[in-house]
Amino acid sequence: MVAEIIDGVKIAAELYAETARRVRDYVGRTGRTPVLATVLVGDDPASRTYVRMKRNRCARVGIESRSVELPADTTTAELVARIAELSADPAVDGILLQHPVPGHLDERAAFEAISPEKDVDGVTMRSFAAMAFGEPGFQSCTPGGILRLLDACEVPVAGRRAVVVGRSPILGKPVGMLLLARDATVTCCHSKTVDLPGLVREADIVVGAVGRPELIRGEWIKPGAVVIDAGSNPGNIGDVEFAAASRRASLITPVPGGVGPMTIAVLLAQTVQAAETR
Ligand code: NAP
């Protein structure tokens, strides 16, 4: 068996096109343009690049981005105050705090200053809780993107065994919750998991969310399983041993070009949603 490749670039492009249509409708209806505020603290080059990519994408779908740049020595109190201002500003629909923020800052406190209606990156505890309770709210973007990939490929989820390798609050845990909400039987693995190979071997759907190059070996993949690799390690290497896994899986995401492109696409879809529902 040779797995079919899940084309994240194409699926993200479809989502961008849908978002651009929704933005046009929104502008036509209300006469105002949705606004995403991006907050960048310090001058980490990778973070700067990510923010620039997000702002470029905003421009391409017709969302206005407002850039807030703060110096590296900003205090937690100053950052929280700036985000609280954006939360209260009626001109702003969504807020993105680029993370990780510099190490001296309390990132959680900064996230929690984002009002839930503007948490289009899905990083607050309220958004997480809403996701866990199945209540309306914004999803964490990469997990939301993973579910969209599965839907775009019409992968049945209900009743299937899903193994998520990784349990971070922005990736592994929310992916597990979203799969559970779709009636998968979910196992979340982590660094203390005993017999990871045995658990992966049972999985109909495997999600790599670890950040360790090729930790998930191809020979562990059950024949016909669907493999989603969210890992992004230096040298464009995923968490899954791609060549060997694609000889056993039915569907697999490449790195790059699989999960990665979905994250910003979901961010912008949630920004227009924030504008529509305000
Ligand atoms: P993280 O916060 O470092 O979490 C890594 C998780 O992997 C932890 O839960 C850890 O377990 C688990 N883990 C570590 N070693 C393990 C092992 N040997 N066996 C099983 N589990 C193990 O990382 P993250 O932020 O979730 O990111 C994970 C990866 O996804 C990274 O490569 C990142 O770049 C990528 N990512 C991509 C996107 C995107 O495509 N847009 C978005 C977000 C993240 P413990 O909890 O026990 O420590």
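Looking now at the site of the ligand. Close contacts around the ligand come from 21 residues, with R167, S168, S191, S232 and T263 the closest. Protein chains shield 69% of the accessible area of the ligand, which is 920 Å² for the free molecule. Class assignment for the residues of the shell around the ligand results in eight nonpolar, 11 polar and two charged.

Let us now look at the nonpolar core. Core analysis: the largest hydrophobic core is formed by 47 residues, its most contacted members being L36, I146, L179, V207, I228 and L268. Among the elements that make up this core, the one with the highest residue count is helix α10 (residues 260-277) (nine residues). The contact partners of L179, leaving out residues within four places of it in the chain, are L147, L150, V157, A162, V164, A184, V186 and V207. With 19 residues, the next largest nonpolar core counts V35, L79, I95 and V123 among its residues.

Pairs may arise between side chains of opposite charge once their charged atoms sit close together. Taken as a whole and judged by the stated rule, the model has 13 salt bridges. For D89, the salt bridge goes to R66, with nearest N and O atoms at 3.0 Å. Here D89, found in the loop between α3 (76-88) and β4 (94-97), pairs with R66, found in strand β3 (residues 64-70); they are 23 residues apart in sequence, far enough to count as distant. Taking relative accessible area as the criterion, R66 reaches 30% and is therefore assigned partly exposed. With a closest N to O distance of 2.9 Å, E85 and R82 form a salt bridge. Of this pair, E85 and R82 both sit in helix α3, three residues apart, which is roughly one turn of the helix. We classify E85 as partly exposed; its relative accessible area is 49%. Linked through salt bridges whose partners overlap, the residues forming this network are R32, D93 and R278.

Quick look at the side chain of D119 now. Relative to the elements of secondary structure, D119 occurs in the loop between α4 (107-112) and α5 (125-133). No salt bridge is formed by the buried D119; the nearest opposite charge belongs to R108, separated by 7.3 Å. Within the structure, the side chain of D119 is placed 2.5 Å from the side chain of S127, a separation counted as a polar contact. Leave out the neighbours within four places in its chain, and D119 touches I114, T124, S127 and F138.

Take the sheet that holds β4 next. Strand order across the open sheet formed by three strands is β3-β2-β4, with parallel pairing between neighbours. Only two strands of the sheet have a single neighbouring strand rather than two, namely β3 and β4. Pairwise comparison of adjacent strand axes, ignoring direction, gives a mean angle of 20° for this sheet. Across seven bridges, strand β2 (residues 35-41) lies against β3 in parallel orientation. Directly across from V39, in β3, lies its bridge partner V68. Helix α2 (residues 45-61) rests against β2, β3 and β4 of the sheet, and its axis sits at about 170° to β2. Lying over the sheet, α3 contacts β2, β3 and β4, oriented at roughly 160° with respect to β4.

For the rest of this paragraph, the subject is the environment of M125. Following the sequence through the fold, M125 ends up in helix α5. The exposed category is assigned to M125, whose relative accessible area is 52%. C-alpha of M125 to C-alpha of D229: the two residues are 104 residues apart in sequence and 25 Å apart in space. In contact with M125, other than residues within four places in its own chain, are R108 and E112.

What follows is about the packing of helix α6 (residues 141-152) against helix α7 (residues 172-181). Contact pair α6 / α7: the axes reach a minimum separation of 9 Å and the direction vectors enclose 40°. Taken together, the axes of α6 and α7 lie oblique to each other. Here the hand of the crossing between α6 and α7 comes out right-handed. Between α6, through P143, G144, I146, L147 and L150, and α7, the contact on the second element is made entirely by P174, V175, L178 and L179.

Now for the environment of D89. Exposure remark for D89: the relative accessible area of 21% places this residue in the partly exposed category. The spatial distance from the C-alpha of D89 to the C-alpha of V123 is 19 Å, given a sequence separation of 34 residues. Excluding its chain neighbours within four sequence positions, the residues that come into contact with D89 are R66 and K118. A polar side-chain atom of D89 sits 3.0 Å from a polar atom in the side chain of R66. At 2.8 Å, the side chain of D89 and the backbone nitrogen of A91 are in polar contact.

Conventions adopted
Residue numbers restart at each chain and count upward from 1, following the sequence in its written direction. Only residues with pLDDT of at least 70 get local features here, since the model is predicted, and only at 80 or more are side-chain atom pairs given and counted; chain-wide, interface and lining totals rely on the full set of residues. To get the side-chain values, all heavy atoms of the structure are used, and hydrogens and water are removed first. Nearness of a residue to a molecule or strand requires only that one of the residue's heavy atoms be within 4 Å of it. To measure how exposed things are, a 1.4 Å probe is used in the Shrake-Rupley method; for residues, cover is taken only from the protein chains shown. Residues are grouped as follows: Ala, Val, Leu, Ile, Met, Phe, Trp, Tyr, Cys and Pro are nonpolar; Asp, Glu, Lys and Arg are charged; every other residue, Gly included, is polar. We define a nonpolar core as any set of buried Ala, Val, Leu, Ile, Met, Phe, Trp, Tyr and Cys residues linked to one another through side-chain atoms lying within 4.5 Å. When accessible area is computed with a 1.4 Å probe and restricted to protein chains, residues below 20% of their type maximum are described as buried, those above 50% as exposed, and intermediate ones as partly exposed. Secondary structure follows DSSP: runs of H or I at least 4 residues long count as helices, runs of E at least 2 residues long count as strands, and numbering of each begins at the N terminus. Residue contacts follow a heavy-atom distance rule, with two residues in contact if any of their heavy atoms lie within 4.5 Å. Basic side-chain nitrogens of Lys or Arg form a salt bridge, by our definition, when they fall within 4 Å of a carboxyl oxygen of Asp or Glu. Residues scored as charged are limited to Lys and Arg (positive) and Asp and Glu (negative), so that His and the chain ends carry no count. Any N or O atom pair separated by 3.5 Å or less is treated as a polar contact, with the protein-specific requirement of one donor-capable and one acceptor-capable atom, and with residues adjacent in sequence counted only for side-chain atom pairs. What makes two strands pair is DSSP finding at least two bridges between them. Throughout, an axis means a line fitted to C-alpha atoms (over the contacting stretch in the case of helices), and angles, computed between N-to-C directions, take values from 0 to 180 degrees. Orientation labels follow simple angle bins: below 35 degrees gives roughly parallel, above 145 gives roughly antiparallel, 65 to 115 gives roughly perpendicular, and whatever is left gives oblique. Crossing chirality is assigned from the near helix's rotation relative to the far helix, an anticlockwise turn below a right angle marking it left-handed and a clockwise turn marking it right-handed.

Without other data, these values stay purely geometric and don't point to any function.
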